Amino acid sequence: MVTVGELAEHFGGEVRGDPNVEIHGVASLSSAGPQHISYLASKRYRTALADTSAGAVILAREDADRFSGTCVIVDNPRLCFARAAALFNPRVAFKPGVHPTAVVDQTATVAATASIGAYSVLERETVVEDHVFIGAGCYLGPRTRVGRSSMLVAQVIVSQDCVIGQDCIIHPGAVIGSDGFGYVSDGQRWVKIPQLGRVRIGNEVEIGANTTIDRGALDDTVIADGVKLDNLTQIAHNVRIGAHSAMAAQVGIAGSTQVGEGCTIGGQAGVIDNLEIADRVHITAGSLVTSSIKETGAYSSSLKAQPASQWKRTAGRLSQLDEMAKRLQVLEKKIERLSGARKA
Amino acid sequence: MVTVGELAEHFGGEVRGDPNVEIHGVASLSSAGPQHISYLASKRYRTALADTSAGAVILAREDADRFSGTCVIVDNPRLCFARAAALFNPRVAFKPGVHPTAVVDQTATVAATASIGAYSVLERETVVEDHVFIGAGCYLGPRTRVGRSSMLVAQVIVSQDCVIGQDCIIHPGAVIGSDGFGYVSDGQRWVKIPQLGRVRIGNEVEIGANTTIDRGALDDTVIADGVKLDNLTQIAHNVRIGAHSAMAAQVGIAGSTQVGEGCTIGGQAGVIDNLEIADRVHITAGSLVTSSIKETGAYSSSLKAQPASQWKRTAGRLSQLDEMAKRLQVLEKKIERLSGARKA
Amino acid sequence: MVTVGELAEHFGGEVRGDPNVEIHGVASLSSAGPQHISYLASKRYRTALADTSAGAVILAREDADRFSGTCVIVDNPRLCFARAAALFNPRVAFKPGVHPTAVVDQTATVAATASIGAYSVLERETVVEDHVFIGAGCYLGPRTRVGRSSMLVAQVIVSQDCVIGQDCIIHPGAVIGSDGFGYVSDGQRWVKIPQLGRVRIGNEVEIGANTTIDRGALDDTVIADGVKLDNLTQIAHNVRIGAHSAMAAQVGIAGSTQVGEGCTIGGQAGVIDNLEIADRVHITAGSLVTSSIKETGAYSSSLKAQPASQWKRTAGRLSQLDEMAKRLQVLEKKIERLSGARKA
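Predicted model only: the values in this text are computed from it and were never measured.

A count of helical and extended segments in chain A gives six helices and 40 strands. Taken against the 2.2 N^0.38 rule, which gives 20 Å for 344 residues, the C-alpha radius of gyration of chain A at 27 Å runs more than 25% over that of a compact globule. Looking at chain A residue by residue over its 344 residues, the buried ones come to 58%. Relative to all contacts within chain A whose residues are 6 or more apart in sequence, the contacts with residues 24 or more apart total 18%. Entry remark: accessible area of chain A is about 13800 Å², with carbon and sulfur atoms responsible for 47%. Mean positive and mean negative side-chain charge positions of chain A (34 and 35 charges, respectively) differ by 12 Å.

Moving on, we get to the packing of helix 1 (residues 4-11) of chain A against helix 4 (residues 77-88) of chain A. Residues and elements named next belong to chain A. It is at 11 Å that the axes of helix 1 and helix 4 come closest, and there the two elements cross at 120 degrees. By the angle between their directions, the pair helix 1 and helix 4 is classed as oblique. Helix 4 is crossed by helix 1, and the crossing has right-handed handedness. Where helix 1 abuts helix 4, its residues L7, H10 and F11 lie against C80, R83, A84, L87 and F88. When the residues that make up the contact of helix 1 with helix 4 are grouped by side-chain class, the tally is six nonpolar, one polar and one charged.

Under the counting rule described, the total for this entry stands at 12 aromatic pairs over all chains. Aromatic pair F181 of chain A and Y183 of chain A: ring centres 5.0 Å apart, planes at 80 degrees, arrangement edge-to-face. Judged by its relative accessible area of 22%, F181 of chain A is partly exposed. Put simply, the rings of Y119 of chain A, Y119 of chain B together with Y119 of chain C pair up and form one aromatic cluster.

A separate point is the interface of chain B and chain C. Of the residues lining the interface, 70 residues belong to chain B; the matching set on chain C comes to 70 residues. Roughly 5500 Å² of surface becomes buried between chain B and chain C when both sides are summed, with 66% attributable to carbon and sulfur atoms. The interface formed by chain B and chain C includes six salt bridges. We note a salt bridge from R313 of chain C to D322 of chain B, for which the minimum N-O separation is 3.3 Å. Between chain B and chain C we count 28 residue pairs in polar contact (both at pLDDT 80 or more) in total.

Here we take up the relation of the copies chain A and chain B. Superposing chain A onto chain B requires a rotation of 120 degrees together with a translation of 0.0 Å along the rotation axis, leaving an RMSD of 0.1 Å. In the structure described here, the two chain copies are related by an operation that fits a three-fold rotation axis.

What follows covers the side chain of T3 of chain C. All names here are of chain C. As for its position among the elements, T3 is in strand 1 (residues 2-3). For T3, a relative accessible area of 15% gives the class buried. Discounting residues that sit within four places of it in the chain, T3 has contacts with P19, N20, V21 and E22.

Let's shift gears to helix 5 (residues 308-319) of chain C. All names here are of chain C. For helix 5, built from 12 residues, the straight-helix expectation of 16 Å at 1.5 Å per residue is met to within 8% by its first-to-last C-alpha distance of 16 Å. Among the residues of helix 5, W311, T314, R317 and L318 are the ones counted as buried. Here the buried residues of helix 5 occupy an arc of 125 degrees about the axis, which is enough to place them on one side.

A separate point is the pairing of strand 21 (residues 175-178) of chain B. In the case of a regular strand, side chains alternate between the two sheet surfaces. All names here are of chain B. Looking at chain direction, strand 18 (residues 157-158) and strand 21 are connected through two bridges and run parallel. Paired with I157 across the strands is V175, a residue of strand 21. Relative to strand 26 (residues 212-214), strand 21 runs parallel, the two being bridged by three bridges. Bridge pairing links S178 to D214 in strand 26.

A common measure of how large an interface is: the accessible area buried when the components associate. In this complex, chain A contributes 70 residues to the contact, which on the side of chain B involves 71 residues. Summed over both sides, the interface of chain A with chain B buries roughly 5500 Å², with 66% coming from carbon and sulfur. Here chain A and chain B share six salt bridges between them. Across the pair R189 of chain B and E204 of chain A runs a salt bridge, and its minimum N-O distance is 2.8 Å. Applying the counting criterion to the chain A and chain B interface returns 28 residue pairs in polar contact (both at pLDDT 80 or more). Elements supplying a minimum of two residues to the side of chain A that touches chain B: helix 4, strand 28 (228-229), strand 31 (246-247), strand 40 (306-307), helix 5 (308-319) and helix 6 (321-343) of chain A. With 13 residues, the single largest contributor to the side of chain A that touches chain B is helix 6 of chain A. For the side of chain A that touches chain B, the per-class residue count stands at 36 nonpolar, 22 polar and 12 charged. Bridge count for strand 40 of chain A against strand 39 (residues 297-300) of chain B is two bridges, and the pairing is antiparallel. Following the sheet pairing, P307 of chain A is matched in strand 39 of chain B by Y299 of chain B.

Right, let's talk about the pattern of salt bridges for a bit. According to the stated counting rule, one finds 57 salt bridges over all chains in the structure shown. Each of R83 and E204 of chain A together with D186 and R189 of chain B takes part in salt bridges that share partners, so that together they form one network.

Tracing the sequence through the fold places S185 of chain A in strand 22 (residues 183-185). Look at S185 of chain A and you get partly exposed, because its relative accessible area is 32%. Leaving out residues up to four positions away in the same chain, S185 of chain A has contacts with W190 of chain A together with N76 and L79 of chain C. A distance of 3.0 Å separates the side chain of S185 of chain A from the backbone nitrogen of G187 of chain A, its partner in a polar contact.

Further remarks concern the sheet that holds strand 6 (residues 56-59) of chain C. Adjacent strands of a sheet pair through backbone hydrogen bonds, lying either parallel or antiparallel. Residues and elements named next belong to chain C. Ordered in space as 2-7-6-5-4, the five strands form an open sheet in which the pairing is mixed. The open sheet is flanked by strand 2 (14-16) and strand 4 (25-26), the only strands paired with a single partner. Relative to strand 7 (residues 71-73), strand 2 is paired through three bridges, and the arrangement is antiparallel. Following the sheet pairing, R16 is matched in strand 7 by C71. Against the sheet, helix 4 (residues 77-88) touches strand 4, strand 5 (36-39) and strand 6, its axis set at about 155 degrees to strand 5.

With that out of the way, let us pick up helix 1 (residues 4-11) of chain C. An α-helix turns once every 3.6 residues. As a result, residues three or four positions apart point the same way. Residues and elements named next belong to chain C. Turning to helix 1, its buried residues are V4, G5, L7, A8 and F11. Looking straight down helix 1, one finds that the buried residues subtend no more than 160 degrees of arc, so they occupy a single side. Turned more than 90 degrees away from the buried face of helix 1 sit E9 and H10, all of them exposed.

Definitions and cut-offs
The residue numbers shown here count from 1 along each chain, following its written sequence. For naming, the first written chain is A and the first written ligand is 1, with later ones following in the order written. In keeping with the predicted nature of the model, local features appear solely for residues at pLDDT of at least 70, side-chain atom pairs appear and are counted solely at 80 or more, and the whole-chain, interface and lining totals rest on all residues. With hydrogens and water excluded, all non-hydrogen atoms of the structure serve as input to the side-chain values. A run of H or I in DSSP counts as a helix once it spans at least four residues, and a run of E counts as a strand once it spans at least two, with each numbered from the N terminus. As defined in this context, the radius of gyration uses C-alpha atoms, and a globule is described by 2.2 Å times the residue total to the power 0.38. Only protein chains enter the accessibility calculation, which uses a 1.4 Å probe; a residue is then buried when its area is under 20% of its type maximum, exposed when over 50%, and partly exposed in between. We call two residues contacting when some pair of their heavy atoms lies within 4.5 Å. Using a 1.4 Å probe, accessible areas were evaluated by the Shrake-Rupley method; residue-level cover was limited to the displayed protein chains. The charged-residue count follows a simple rule in which Lys and Arg add positive charge and Asp and Glu add negative charge, with His and chain termini not counted at all. Where a charge sits is defined by one atom per residue type, namely NZ (Lys), CZ (Arg), CG (Asp) or CD (Glu). Under this scheme, a helix contributes an axis fitted over its contacting stretch, all axes are lines through C-alpha atoms, and angles between N-to-C directions fall in the 0 to 180 degree range. Throughout this description, any angle smaller than 35 degrees is read as roughly parallel, any larger than 145 degrees as roughly antiparallel, any in the 65 to 115 degree range as roughly perpendicular, and the remainder as oblique. Note: crossing handedness is left-handed where the near helix turns anticlockwise from the far helix by less than a right angle, and right-handed where it turns clockwise. Following the grouping adopted for this structure description, the nonpolar residues are Ala, Val, Leu, Ile, Met, Phe, Trp, Tyr, Cys and Pro, the charged ones are Asp, Glu, Lys and Arg, and the polar ones are all others, Gly among them. For Phe, Tyr and Trp, rings pair up if their centres lie within 6.5 Å, where Trp contributes its six-membered ring, and each pair is then called stacked (planes under 30 degrees apart), edge-to-face (over 60) or tilted (otherwise). The term buried area denotes the loss of accessible surface (1.4 Å probe radius) that occurs when two parts are joined, taken as the sum for both partners. We define a salt bridge as a contact between a side-chain nitrogen of Lys or Arg and a carboxyl oxygen of Asp or Glu at a distance within 4 Å. Polar contact criterion, stated in full: a pair of N or O atoms within 3.5 Å, where within protein one must be able to donate a hydrogen and the other to accept it, and residues adjacent in sequence count only if both atoms are side-chain atoms. Copies overlap after least-squares fitting; the atoms used are the C-alpha atoms of residues with pLDDT of at least 70 in both. Expected helix span is computed as 1.5 Å times (number of residues minus one). Taken from the helix axis, the directions to the C-beta atoms give the arc we talk about. Here, any two strands with at least 2 DSSP bridges between them count as paired.

Set out below in structure tokens:
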């Protein structure tokens, strides 16, 4: 339990209303009760603000003026709320130790403060550092390393030689270090190109459920510090993702492409191979990037769904576009001649 | 074994031909032998109908007239066939009991009629109801519940506090309750927003292989009764999917979007965050929905592949479209002036 | 260790420089040291060639002329390098045997030369042929077969009755034989159509991480010899993929579609149901194929991302396209009349 006043002081906010309100947890505006603190960060929830039963609300100054209840005024309500939520919901402490059913090679090094879950398999020379949590059913291939305080939630696969940094979270079903998709045709069939690189993941990286990150063909696939990858995302061999870039679900980055720092990529977008994307580039959902991007900014090729009959007409016209362009040119020439004649 | 006559009576159909034909199973028109019953529901298989060796065929009246063999006439052949197939292929009865290798917390409640498979892990206070089948290698986090007669085929992950209803089927590799993709920037790095909600799945829901459904940020992610999700589908935090909606593979629904009842979403389509989609909306494959849909109907932004050289021209013209529109306007003005002058 | 001369002889290449250079392994041009052999196959790495410390480089004749170091000249450097890489990095020999923690039904048949990994589950009547490697945590359902020398890396699911050929590699998290997405509406809810077919995978097929291949509804889903599927790919029920076709990540092929031989499908592309795609068809990344393709060649509907403000204008004009087409027609008629009048 913390009072509103204590929270405000902790987070550098200003209290309006009763600083002695006791807060026991966080909740959404619509679900909160008097013992909860909530927040408003988006206009779309202003109605919920008016109706809330929350004991206190974290919000920006402009919204505080429309609210009669107790509030904590900050510049960035979402950020403040994230921190409040973490305060009231610290990561559950786990019991260190190796589950009796875990299969751990005798050459593996597991810190005494780490936890290895039921049915996990650690192959030879794996290294698990302090305070690491390896959940049930994980697989760590030979010579893999998991850095301090990282967490593999459950059923995560890390293939041989891959390295995970500190303070990472990897969600269930993620596969780190599967073979890159490398083949060369001999004229009749595809000959496999052995994938001899690794995956190197930095610190504070979060990797979503069922996301796949392939090992490099020769050199490594590298995910820098602070990167956040959502679920079902594909990172191909030899891709390099710059620090603090974030990708929503089902994004695909093809082989050897480099993504800069602080980029944000919307869901289902794709970037083809061997490109360079500058820092702080934003790519909208569903877009396909087919050439390198040198300048910071937003890029898009998203097409918005419309009523199907309307789209049918648009798509039909699209296929006539080349012809329309030519007819336009013809018209322009005719108009020129007519105008010329007219002046005569 | 059932006779054609008995099947027809069971399904409310009319026999034409020999009601005493003995049927031992179902098969496709092209693979069927005299002991099989098959069906025709689509024009595209009419050739197969002419050539079939099936003992009997379920079909609509209009198709019965072109068929000389024994048939069962119904209004909805596909539906009737689905039921016949289920009749001849009932779900395999399983032996109840907990596999000796399953790790089941002593505080877990497992019905005596349920089956817990090899290497499954049930954490504290999990509840598994009657006739549930938990296949090999599943993981049920603390306080999760699986409702009566549901089936987790194998290697399904259900994270803490999530709830699955009755008569559900969840295919291998599905992940229920991974963290929603919630972060807020502090100016330099992404700060994680704890995901404190759950996933609540209703009754008769079917979830495809490797599909991921994220827990809510504060409130729950909710999948209503009768929803069908195909493989590799992403359901983000706080999404609500209405009853009996169905989504084909690789669809992505982004955070907090509400999908109505009886919607159908084609493969690889995407719906961005914080939208409301009305009931009985159909979205075509590959489309991207970027604004709320208020009216029942079909919506699309699917672009159909064409020969690459043709597409290259079209795509080239697309980038000139803004310029073409301006040139069109210029022409319209010139024509007006010329027409005006002409009349003078 | 092999000398450059020996390698050249082995691969039918011509040595330029010192044939006695000793090679111990392969590396990329930028990472290689004097004991490595590297290769150049793409113009984009020519700078790296100039700077390399590699002991020798595999390249084409035209590139040999710009290189002063020791090289092996071949027609197809990438193919030659793939073979060299395989030579120096043979697949790790594994110890045959069944891990004590593997659960193997007494009716299963496992070759003495095969390896069954920790926590794998083999159900009744499964067959595992010679030199097969089944990694940790795999599941083989009743009556499944895995052909000679195939490898299931780890946590692969193969559902009942499915068949995998020889020399296949299946990456972690792949699901073979989940139910096809088959339902029919009874007016109110979706009725499940039992999926009674299987998946049949040929020889030398490689299946990526977390890829899903559904069993057929009645007949089988068939993947022919030599097919290569990347990660997170969806193959729906009753699809047939022809020999040596390759699909990059996140591709989706919908139900009953037949893909010819030697096709290549770019990442995130989709092909709708019940189509026939001819042999040696190439589909570009992100495209959607909505009608059968009868002729070999490249097909596309990929839209390239542009600066967002530019795209906004283009997309805005796209929605006006139908109207623009009509205005163009009106202009053409007016010009005709004006021209006619002018001549008068």
